[in-house]
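# Observations on the three-dimensional arrangement
Here's the letter readout for the chains.
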Amino acid sequence: MKTDDLISMLATGVAPVDPRLLAKRMSIALIAGALGATLLTALLLGVRPDLAQVSATPLFWAKVAFPLLMLIGAVAVTSRLARPGVAPGSGRWVIALTVAVIWLWGAYVVIYAPPDLQLAAILGKTWRVCPFNIAMLSVPAFVAVFWALRELAPTRPALAGASAGLMSGAVAALAYCLHCPEMGVAFWGVWYLLGMLVPTVVGALLGPRLLRW
């Protein structure tokens, strides 16, 4: 068989790839994950009763901005890693810069707090449950994002899985803001971040198994 004939035979019946497939699947995953996390927050944890009042304060929106920026960075990284041979890109710097800012801000708050309040600034009142609640709320987004990636072509499954896990953790942390009473920057920099890291680690461990071709 001639080379041209072989190529023609292999190409017969091959449907063109939708160039919007990545955006479609990631959008579906984000919407499904956000709806799932918000529903779980409302049903299992409850919305804080003073949400209307606290949402009028700049500090509340700083709290929301932390997981939102982490989500933006994670979406950018995951979208790139979903394509074969593509580097993580600048999204990783958004993640790193966001963590650095929240840590520096939290360190400033702790250092200038009275000595007897420094530990309380880090622990808050809900440190025992915060990371576990965020990890629990990340489950819908985790499932949805991995569903999206399985139909794409990641060639670095561990890294793609970690990025997908961070995406789901950030979505969960955003939903958790509706319930969480903590308004301390140092608290968010430790316990919110730890909650987002739980699905990140799980994603890195499951990525090679669930995302392999």
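One structure accompanies this document, and this report is about it. Sequence positions are assigned chain by chain, starting from 1 and proceeding in written order. In keeping with the predicted nature of the model, local features appear solely for residues at pLDDT of at least 70, side-chain atom pairs appear and are counted solely at 80 or more, and the whole-chain, interface and lining totals rest on all residues. Hydrogens and water are ignored here; the side-chain numbers use all heavy atoms of the structure.

## Quick notes on the packing of aromatic side chains
Aromatic rings from Phe, Tyr and Trp, with only the six-membered ring used for Trp, were paired whenever their centres fell within 6.5 Å, and each pair was classed as stacked if the ring planes differed by under 30 degrees, edge-to-face if by over 60, and tilted otherwise. Considering all chains together, one arrives at 6 aromatic pairs under this definition. Consider the rings of Phe142 and Phe146, whose centres lie 4.6 Å apart with planes at 25°: the pair is stacked. Separated by 4 residues within a single helix, Phe142 and Phe146 lie in helix α8 (residues 139-150), roughly one turn from each other. Only protein chains enter the accessibility calculation, which uses a 1.4 Å probe; a residue whose area is less than 20% of its type maximum is buried, one above 50% is exposed, and one in between is partly exposed. Assessed through its relative accessible area of 12%, Phe142 is described here as buried. Given a relative accessible area of 5%, Phe146 falls into the buried group. Here Tyr176 and Tyr192 contribute two aromatic rings whose centre-to-centre distance is 5.9 Å and whose plane-to-plane angle is 55°, an arrangement assigned as tilted. With Tyr176 in helix α9 (residues 157-176) and Tyr192 in helix α10 (residues 185-210), this residue pair connects regions lying 16 residues apart in the sequence. Here the two residues Tyr176 and Tyr192 agree in accessibility, since each one is buried. A connected cluster of aromatic rings, assembled from ring pairs, spans Tyr176, Phe187 and Tyr192. It is Arg25 that lies over the ring of Trp147; its NZ or CZ is 3.8 Å from the centre. Segments assigned H or I by DSSP are reported as helices when at least four residues long, segments assigned E as strands when at least two residues long, and all are numbered from the N terminus. Consider the ring centre and the ring normal. A charge sits over the ring if Lys NZ or Arg CZ is within 6 Å of that centre and within 35 degrees of that normal.

## Comments concerning the packing of helix α2 (residues 21-45) against helix α7 (residues 130-137)
Taken N-terminus to C-terminus, the directions of α2 and α7 make an angle of 130°; their axes are 9 Å apart at the nearest point. By the angle between their directions, the pair α2 and α7 is classed as oblique. Counting all contacts with α2, which are made through Ala37, Leu40, Thr41, Leu44 and Leu45, the residues of α7 involved are Asn133, Met136 and Leu137. Residues are grouped as follows: Ala, Val, Leu, Ile, Met, Phe, Trp, Tyr, Cys and Pro are nonpolar; Asp, Glu, Lys and Arg are charged; all remaining types, including Gly, are polar. A breakdown of the residues in the contact of α2 with α7 according to their chemical character gives 6 nonpolar, 2 polar and no charged. Convention adopted: a line fitted to C-alpha atoms gives each axis, helices being fitted over their contacting stretch, and angles between N-to-C directions are expressed from 0 to 180 degrees. Every angle not falling under 35 degrees, over 145, or within 65 to 115 is termed oblique; those three ranges are roughly parallel, roughly antiparallel and roughly perpendicular. Contacts were defined at the residue level, with two residues in contact if any of their heavy atoms lie within 4.5 Å.

## Describing the nonpolar core
Within the largest apolar cluster, 51 residues are counted, with the highest numbers of intra-cluster contacts made by Phe66, Met70, Trp188 and Tyr192. Leaving out residues up to four positions away in the same chain, Phe66 has contacts with Thr98, Ile102, Trp188, Tyr192, Leu193 and Met196. Take the buried Ala, Val, Leu, Ile, Met, Phe, Trp, Tyr and Cys residues and link them wherever side-chain atoms come within 4.5 Å; each set so joined is a nonpolar core.

## Focus on the side chain of Arg48
Along the polypeptide, Arg48 turns up in the loop between α2 and α3 (51-54). Taking the relative accessible area as the measure of exposure, Arg48 reaches 10% and is therefore buried. Only 2.7 Å separates the side chain of Arg48 from the side chain of Asp50, close enough to count as a polar contact. Within the structure, the side chain of Arg48 is placed 3.0 Å from the backbone oxygen of Cys180, a separation counted as a polar contact. Setting aside chain neighbours within four positions, we find Arg48 in contact with Val54, Lys63, Cys177, Leu178, His179, Cys180, Pro181 and Met183. Counted as a polar contact is a pair of N or O atoms within 3.5 Å, where, for protein atoms, one must be capable of donating a hydrogen and the other of accepting one, and residues adjacent in sequence contribute only when both atoms are in side chains.

## A look at the state of the cysteines
Criterion for a disulfide: a pair of cysteine sulfur atoms at a distance within 2.5 Å. Within the structure shown, the criterion is met by 0 disulfides. Looking at Cys177, it has no disulfide partner, and the nearest cysteine sulfur is the one in Cys180, 7.1 Å off. With relative accessibility at 1%, the residue Cys177 sits in the buried group. Given the relative accessible area of 0%, Cys180 is considered buried.

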